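So you can see what is in the structure, the chains are spelled out below.
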Amino acid sequence: MRSNPGYHPGSVTRHTSPDTIAQVARALHATSRQLILVPTRGGLHRGHIGIIDTAARVPGSILVVTSVCSDNSHLGQIEHDGEVLQNLPGCPAPLFFAPAWEALFPHGLRTLVTPQDPTVTVPAPPGLAESLTVHAALLSLLRPARMFVGERDFYQLVTLRHLVKDLSLPTAVTGVNTLRDSNGMAISRENKDPRMAPALALSAALVAGAHAVREGTAGVLAAAEAVLAAEPGLSHPQVALTDYDLGPAPAEGDARLLVSAYLADGTFCHDNIGLLLATSQE
């Protein structure tokens, strides 16, 4: 992995300065290649690799994988993440941008992107405004043609689409299906921790809700809520059924089932799936 500024096809180049990655992005915009952003918080795993593989299928694309975290914990993962990217077949992501938080936000978060959509029926997850602000900064810096993000963070995915549309940013936001372990949990660096065991109930709640689609909205919600309520290791469980824009779910058709809860140590857990609602069979 190279650490000098620039772009070197076939090899991963790590950038830590917003100025140098912006210069590279501007140079690539002058070519016929598409710049594609895959944002992460570091600690690349199979879920991230699935997103990278999907993004790399876009013809003529050059991928920029970013790693940013407000506590700078991503900096301890730089060598690991660089090796992961370098070892991917064909080196599909030759640009790796991993700045210190202070480099990206030298004045701190004195400006926050906060969603204010009255049609959204689900409370925002913790840290959403900070996350949207980070994404807005990356989009402004890199001006990518497309950004690929995982559907596991569905609330964030929807609000990112709102962000680029409302701020007239020239980026299309593409969601990528959630990659899951054999136990049904979404793959993430946190879910390997034994303390996350109670979070298995979230994927079980999604399965229960999916099996109740012919019971209509009330049946789906009741089935998912019952599973979460039966897990003593979770608190403040929340279940919501929405449309694909986080508004009220339709009586029939495409909907999204979102579940969340807190572990005993205060960790926020969440998951979601798409459903096709049918008329209640009574």
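For the structure, check the block above.
All of the points below concern the structure found in this document.

So, on to the overall build of the chain. Each helix and strand counted, the chain has 8 helices and 9 strands in total. With the principal axes as the frame, the chain shows a C-alpha extent of 65 × 40 × 40 Å. The buried share among the 282 residues of the chain stands at 49%. In the chain, 19 positive and 25 negative side-chain charges are present, and the distance between their average locations comes to 9 Å.

We now examine the pairing of strand E5 (residues 146–150). Of the pairings in the sheet, the one linking strand E2 (residues 34–40) to E5 comprises 2 bridges and is parallel in character. The residue bridging isoleucine 36 from the neighbouring strand is arginine 146, located in E5. Across 5 bridges, the pairing between E5 and strand E6 (residues 172–176) is parallel. Opposite glycine 150, over in E6, you have valine 176 as the bridge partner.

Let us now look at the sheet that holds E5. Ordered by their spatial adjacency, 6 strands build an open sheet running E1-E4-E3-E2-E5-E6, and the pairing between neighbours is parallel. Where the open sheet ends on each side, the last strands, each with one partner, are strand E1 (13–15) and E6. Averaged over all adjacent pairs, the angle separating strand axes in this sheet is 25 degrees, with direction ignored. Packing of helix H3 (residues 78–86) onto the sheet brings it into contact with E1, strand E3 (61–67) and strand E4 (95–97), and relative to E4 it is tilted by some 160 degrees. The strands touched by helix H5 (residues 128–142) within the sheet are E2, E3, E4 and E5, with E2 carrying the most contacts at an inclination of about 160 degrees.

Viewed as axis vectors pointing N to C, helix H7 (residues 200–211) and helix H8 (residues 216–229) meet at an angle of 155 degrees, and their least axial separation amounts to 8 Å. Considered as vectors, H7 and H8 are oriented roughly antiparallel to each other. Considering the relative orientation of H7 and H8, their crossing is right-handed. Counting all contacts with H7, which are made through Ala201, Leu202, Ala204, Ala205, Ala208 and Gly209, the residues of H8 involved are Val220, Ala223, Ala224, Val227 and Leu228. Looking at side-chain class alone, the contact of H7 with H8 contains 10 nonpolar, 1 polar and no charged residues.

About the thresholds
- Every chain begins its residue count from 1, and numbering advances along the sequence as written.
- Where local features are concerned, this predicted model is filtered to residues with pLDDT of at least 70; where side-chain atom pairs are given and counted, the filter is 80 or more; whole-chain, interface and lining totals use all residues.
- Remark: hydrogens and water are excluded; side-chain values derive from all non-hydrogen atoms of the structure.
- Numbered from the N terminus, helices here are DSSP runs of H or I no shorter than four residues, and strands are runs of E no shorter than two.
- Type-normalised accessible area, obtained with a 1.4 Å probe on protein chains alone, sets the label of each residue: buried when under 20%, exposed when over 50%, and partly exposed for intermediate values.
- Within this scheme the basic residues Lys and Arg register as positive and the acidic residues Asp and Glu register as negative, but His and the chain ends are omitted.
- Think of each charge as sitting on NZ of Lys, CZ of Arg, CG of Asp or CD of Glu.
- Here a strand pair is declared whenever DSSP counts at least two bridges between the two strands.
- Lines fitted to C-alpha atoms define the axes, with helix axes restricted to the stretch in contact, and inter-axis angles between N-to-C directions lie between 0 and 180 degrees.
- Contact definition: two residues touch when any of their heavy atoms are within 4.5 Å.
- Roughly parallel means an angle under 35 degrees; roughly antiparallel, over 145; roughly perpendicular, 65 to 115; everything else is oblique.
- Crossing handedness is defined as follows: a turn of the near helix away from the far one that is anticlockwise and smaller than a right angle gives a left-handed crossing, while the clockwise case is right-handed.
- Any residue that is not Ala, Val, Leu, Ile, Met, Phe, Trp, Tyr, Cys, Pro, Asp, Glu, Lys or Arg is counted as polar, Gly included; the first ten are nonpolar and the last four charged.

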